[in-house]
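For reference, the chains in residue letters:
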Amino acid sequence: MRVAPTSGLTLISHVVIALSLGLLLHLENGETLIFGGLGPAIALALFRAAWVSRRAATDAIDTAPYLVLRRLAQFALVSGLLWSVVPASIAVGSAKQGTDYITFIMVGVSTGAIIQGAAYSRVALAFAGPVMAATLYRILMAGGGPDYIVAFDGVFLTFMLFRAAISGEREFIASQSTALEATDLANSLAQANRDVLRSNRALEQLARADPLTGLANRSHFREAAAAACGAGQGVAFVLFDVDNFKAINDTRGHEAGDRVLAALGDLLRSACGPRDLPVRLGGDEFIVVVRGNDVAARALALAQRLSAALTRPLSLGGQSLTISCSIGIAAHASGPVDVEDVFARADAALYRAKNDGRACIRVFDAQLQDEFLLQRCIEGDLPGALERGDLHLEFQPQVALASGEVVGFEALLRWRHPAAGLIAPPDIIQAAIRLQLSARLLGFIGERACEFLRSLDAAGASPRLSVALNVSPRELTLHSPAGILAELTQRHGVDPRRLEIEITEEALFDPRLCARELQRIEREGFGLAIDDFGVGHSSIANLMSVALDTIKIDRSFIHGVSTNRQNQQLIAAITAVARPLGHRIIAEGVESPSDAETLRMLGCAYGQGWLYGRPMRAADAVAWLTEVRSQQRKSA
């Protein structure tokens, strides 16, 4: 509770009233003794004013308000006693008019004190109590019926004044409490509002930022990219991820993987310009939105700065680790453009970078544009083509080079698109993966392969004949090819050993990525072949780490091998490694007898190519095999 210091007006009123009262009594009755009581009252008023001023200067009023109030009440009581000398000192026989003046002034002084002391009634009552008591006593001492009536009215008035003082204090306290509560509530609401705003800003930051790297997240990317693409002032996406990041997590732990991503976020921030927005989309996938003028050149320069920074090994827990990124860039110079189109082009460029050996930068260009349009065409029509049965399989024979005996077939996926023509099998499979139709597509291929094997059995072919099916390495981590094919072979009554799953060397970059599925392939009894061997980067250690049955040498090393000394040395090295490991070796793309003989002499036991038979529909392949067997029996 704050105590207001005695005002100058109150001090002046005390002095003026005291002097005027003394002068009045002197003029009316010749009284002089009255100045002996009023003089000390004036002196006390001055002292009280000085005392309050000193307390206000030292902050005592704020720090000890109740002590100050008690002192003021004591001063008021002393002051009231001094003022009560006035009615007490008037002679009983004084002029009636003078007595009336004194009564009027004393009651007025008391009333004024009570009115001014509404905030703290004890001070006012301490002063007015003695004054009113002395005044009433003086009236009663005057004697007479009218005086008694006046005295009675004075008592009643005193009661009302005191009651009003106490009630006024209560009302003042209540109003001040309400005001303070309202102020506290307003301050509380203001503070709560500030807290809410801070929380909202923090939540907004969390909602728009990646907690691991501090970069913008996918949600922020969608907003910023949409705005940049809609502005029509030029935009480019630099899309990249960490090569073989899963291997880092598997070999060094997820904590090390997180440190790699955090370090990559720092590198990205330092490589970006002020108008670039670096984003972590999720996992090890990042993107930078480049906005403004000359976006194509700026995006390429950014990718080159990032690649250069990654040539320096990262330090992880005292160990150094060298990482690389595959980067794809798509730029749109001017005009509004759809976000999904720019992102799809950047993704196509990133996919090309991975196919080109990773750790490189690829920009979406005219060639990629043609491939992109083809990809969009395939993705748009593939679901309907699967529904209608527009896809089919063709089977190309595999033979023993020494005897010409047919040992199996490779199933080749075919789709003749009404607009794009014949679609290559890898393009069909990759489109199915992007559309999440790869399991369904593999089921279709496995179904037709099992039906073909049953047709061969019905035609009396050797029960040892097998069919090889091409499976993308990405499918080994998306779903279980072994599980799909196991269900089909069981339903068709086909021995699983008569189906061979062909994967490319990409699956051998790190066999641990798909180790579980490779083990299931072996457990279910399916054969496993490495297709297009020699064009990738797999090592002998990788060959030994996987339970392979067949190695298929890529056709690029086969054509013209009879006159190509370098390819002969390469094939001899492959057979020298693979044969002791028990792997069957098949040469792809055999087209001439001289190449076939050279391959046989180099240790390659089996061949596949147009020299023996082109890919054929199932019924044609069964008829072809029947004819070959008939001719072999005649020649025998």
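Here's what I pulled together on the structure shown here. (Residues numbered from 1 in each chain as written. Predicted model: local features only at pLDDT ≥ 70, side-chain atom pairs only at ≥ 80, totals over all residues. Heavy atoms only, no water.)

Regarding the sheet that holds strand β1 (residues 235-242)
Okay, so step 1: Here we have five strands laid out as an open sheet, ordered β2-β3-β1-β6-β7, and mixed in their pairing. In this open sheet, the two edge strands, each paired with only one partner strand, are β2 (277-282) and β7 (361-363). Each strand of the sheet is rotated relative to its neighbour by a mean of 20 degrees, with strand direction disregarded.
Okay, so step 2: The sheet contacts of helix α11 (residues 254-271) involve β1, β2, β3 (285-291) and β6 (325-332), and relative to β3 the element is tilted by about 10 degrees. (Pairing = 2+ DSSP bridges. Helix = DSSP H or I, 4+ residues; strand = E, 2+ residues; numbered from the N terminus. Axes fitted to C-alpha atoms, helices over the stretch in contact; angles between N-to-C directions. Contact = heavy atoms within 4.5 Å.)

With respect to the pairing of strand β15 (residues 550-553)
Okay, so step 1: Judged by which residues are buried, β15 turns out to be covered on both faces: Thr550 and Lys552 on one side and Ile551 and Ile553 on the other are all buried.
Okay, so step 2: Both strand β14 (residues 527-533) and β15 contribute to a ladder of three bridges, which runs parallel. Paired with isoleucine 530 across the two strands is isoleucine 551, which belongs to β15.
Okay, so step 3: Examined bridge by bridge, β15 and strand β16 (residues 584-588) share four bridges and lie parallel to one another. When the sheet's bridge partners are listed, isoleucine 553 is paired in β16 with alanine 587.
Okay, so step 4: With helix α21 (residues 565-578) bridging β15 and the parallel β16, this β-α-β connection has right-handed handedness. (Buried < 20%, exposed > 50% of the residue type's maximum accessible area, 1.4 Å probe, protein only. Right-handed = clockwise from strand over helix to strand, strands pointing away.)

Considerations on empty space enclosed by the protein
Okay, so step 1: Under the counting rule described, the total for this entry stands at one cavity of 30 Å³ or more.
Okay, so step 2: Lining of the largest cavity is provided by Ile429, Ala432, Ser438, Leu441, Leu442, Ile445, Asn470 and Glu475.
Okay, so step 3: Of all the elements in the fold, those that place two or more residues in the lining of the largest cavity are α15 (425-434) and α16 (438-458).
Okay, so step 4: Considering each element in turn, the lining of the largest cavity owes the most residues, four residues, to α16. (1 Å grid on protein atoms, 1.4 Å probe; cavity = no way out; pocket = protein on both sides within 12 Å on 5 of 7 lines; lining within 4 Å. Points joined across faces, edges and corners; volume = space filled by probe spheres on them.)

Re the packing of helix α14 (residues 366-388) against α15
Okay, so step 1: The contact between α14 and α15 brings their axes to 9 Å, and the two run at 65 degrees. Of the possible angle classes, the one that applies to α14 and α15 is roughly perpendicular. Along this stretch, α14 crosses α15, giving a crossing that reads as right-handed. Residues Leu374, Gln375, Ile378, Glu379 and Leu382 of α14 form the contact with α15, whose own contacting residues are Asp427, Ile428, Ala431, Ala432 and Arg434.
Okay, so step 2: The residue inventory of the contact of α14 with α15, partitioned by class, reads six nonpolar, one polar and three charged. (Parallel < 35°, antiparallel > 145°, perpendicular 65-115°, else oblique. Left-handed = near helix turned anticlockwise from the far one by under 90°. Nonpolar A, V, L, I, M, F, W, Y, C, P; charged D, E, K, R; others polar.)

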